[in-house]
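Residue-level structure breakdown
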Amino acid sequence: MPPEADSPWAVVVGPSRRFATPSRRVCTSSPVPAGTGRGFEAGFALAFAVVAVRGAALRAVVLAAATALLLLVTALTFRPALSGEFLSWDDRAYVTGNPHLKEPGGLRKLWDLNEPTRDQYYPLLFTTYWAEYRIWQGNPFGYHAVNLGLHLANVVLVALLAQAIPPAPAAS
């Protein structure tokens, strides 16, 4: 069996994407769902790299560097959206053309299961749009800035999760 199979923790090994499972079987399929972007794959690779580091000080440095890198990549990736307009994909249905965001009693209607004009029921999402409309009105910059902030917060949450995962045990 290849040396990476000795570890009970999943470890990404080069471009072949071989990794060892907890049952010590070596898998050749990707641990990343098919069709995801390179940023998603980079996040998984960095998380697995942090898990593989054994020294506490080195692990902290690797985690800080990985977090900083992912924050930078996320900010650079989403930065163009800050100067963008609303998209015709779903922004019209969710934000610009949603009458409940503008109505005084709209928040109650967003949570009403029996609302006849509802194509989709996402009360928490629409509540955030309702609150954002109170701040930004029709300015897309605010909505995009909140979206970027949520993506950056997710990077930090993944870093905290990676920090909580115990290091891989030493091979015996």
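Cut-offs and rules
Along each chain, numbering runs from 1 in the same order as the chain's sequence is written. Where local features are concerned, this predicted model is filtered to residues with pLDDT of at least 70; where side-chain atom pairs are given and counted, the filter is 80 or more; whole-chain, interface and lining totals use all residues. Excluding hydrogens and water, the side-chain figures rest on all heavy atoms present in the structure. Secondary structure elements are taken from DSSP: a helix is a run of H or I of four residues or more, a strand is a run of E of two residues or more, and numbering for both begins at the N terminus. Helix span, as expected, comes to 1.5 Å for every residue beyond the first. Relative accessibility thresholds used throughout: buried, under 20% of the residue-type maximum; exposed, over 50%; partly exposed, between the two (1.4 Å probe, protein chains only). Only the contacting stretch of a helix is used when fitting its axis, a line to C-alpha atoms as for every element, and angles between N-to-C directions run 0 to 180 degrees. Geometric relationships in this document are graded by angle, where less than 35 degrees denotes roughly parallel, more than 145 denotes roughly antiparallel, 65 to 115 denotes roughly perpendicular, and other angles denote oblique. The crossing is said to be left-handed when, going from far helix to near helix, the turn is anticlockwise and less than a right angle, and right-handed when the turn is clockwise. By definition, residues are in contact when any of their heavy atoms lie within 4.5 Å. Each nonpolar core is a collection of buried residues, namely Ala, Val, Leu, Ile, Met, Phe, Trp, Tyr and Cys, held together in the definition by side-chain atoms within 4.5 Å. The classification used treats Ala, Val, Leu, Ile, Met, Phe, Trp, Tyr, Cys and Pro as nonpolar, Asp, Glu, Lys and Arg as charged, and all other residues, Gly among them, as polar. In this analysis, a patch consists of residues with relative accessible area above 30% that form no salt bridge, clustered at 9 Å for like charges and at 5 Å for the nonpolar side chains Val, Leu, Ile, Met, Phe, Trp and Tyr. For the accessible areas, the method is Shrake-Rupley and the probe is 1.4 Å, while residue cover comes only from the protein chains on display. Salt bridges are identified by distance alone: a Lys or Arg side-chain nitrogen within 4 Å of an Asp or Glu carboxyl oxygen. Between the rings of Phe, Tyr and Trp (Trp by its six-membered ring), a pair exists once the centres lie within 6.5 Å; its type follows the angle of the planes, with under 30 degrees stacked, over 60 edge-to-face, and the other angles tilted.

Turning our attention to helix α2 (residues 56–78). Under the 1.5 Å per step criterion, the end-to-end length of α2 is 32 Å for 23 residues, consistent within 8% with the ideal 33 Å. Among all positions of α2, only R59, L63, A66, T67, L70 and T74 are buried.

Between α2 and helix α6 (residues 140–164), whose axes approach to 10 Å, the crossing angle comes to 165°. What the angle tells us is that α2 and α6 run roughly antiparallel. Relative to α6, α2 is oriented so that their crossing is right-handed. Taken together, the residues of α6 that come into contact with α2 (itself represented by R59, L63, T67, L70, L71, T74, A75 and F78) are L148, H151, L152, V155, V156, A159, A162 and Q163.

F86, Y94, V95, L101, L110, F126, Y129, W130, Y133 and Y143 form the largest nonpolar core, which has ten residues in total. Elements that contribute at least two residues to this core include exactly α3 (91–96) and α5 (123–136). With four residues, α5 is the single largest residue contributor to this core.

Another point: the packing of α5 against α6. Interhelical geometry of α5 versus α6 gives an angle of 130° and a closest axis separation of 9 Å. Judged by the angle between their axes, α5 and α6 are oblique. In this structure, the crossing between α5 and α6 has a hand that is right-handed. Of the residues in α6, those touching α5 at Y129, E132, Y133 and W136 are G142, Y143 and V146. Along the lines of polarity and charge, the residues of the contact of α5 with α6 split into five nonpolar, one polar and one charged.

A separate point is α5. When the terminal C-alpha atoms of α5 are compared, their 19 Å separation across 14 residues agrees well with the 20 Å that a helix rising 1.5 Å per residue should span. Positive phi shows up at Q137, right after α5, with a value of about 55°.

What follows concerns a nonpolar patch on the surface. A contiguous nonpolar patch, built from W111, L113, Y121 and L124 and spanning about 470 Å² of accessible area, is present on the exposed surface. By secondary structure assignment, the location of L124 is in helix α5. Since its relative accessible area comes to 59%, L124 is described here as exposed.

Turning next to the side chain of T74. Relative to the helices and strands, T74 is located in helix α2. Owing to a relative accessible area of 13%, T74 belongs among the buried residues under this scheme. Look past the residues within four positions of T74 in its chain and what remains in contact with it is L148, H151, L152 and V155.

Right, let's talk about the side chain of H144 for a bit. Mapping H144 onto the fold places it in helix α6. On the basis of relative accessibility, which here comes to 16%, the residue H144 falls in the buried class. Ignoring sequence-local partners within four residues, the contact set of H144 consists of A81, L82, G84 and E85.

Inspection of every chain in the model, using the stated rule, returns two salt bridges. One salt bridge in this structure joins K109 and E103, with 3.1 Å as the shortest N-O distance. The exposure class assigned to E103 is partly exposed, which follows from its relative accessible area of 25%.

What follows deals with the packing of aromatic side chains. One pair of aromatic rings is described through two measures. These are the centre distance and the angle between the planes. Scanning the model with the defined rule gives seven aromatic pairs in all. Taking 6.4 Å as the distance between ring centres and 55° as the angle between the ring planes, the aromatic pair formed by Y129 and Y143 counts as tilted. With Y129 in helix α5 and Y143 in helix α6, this pair connects stretches of sequence that are 14 residues apart. Residue Y143 is classed as buried on the basis of its relative accessible area, which comes to 6%.

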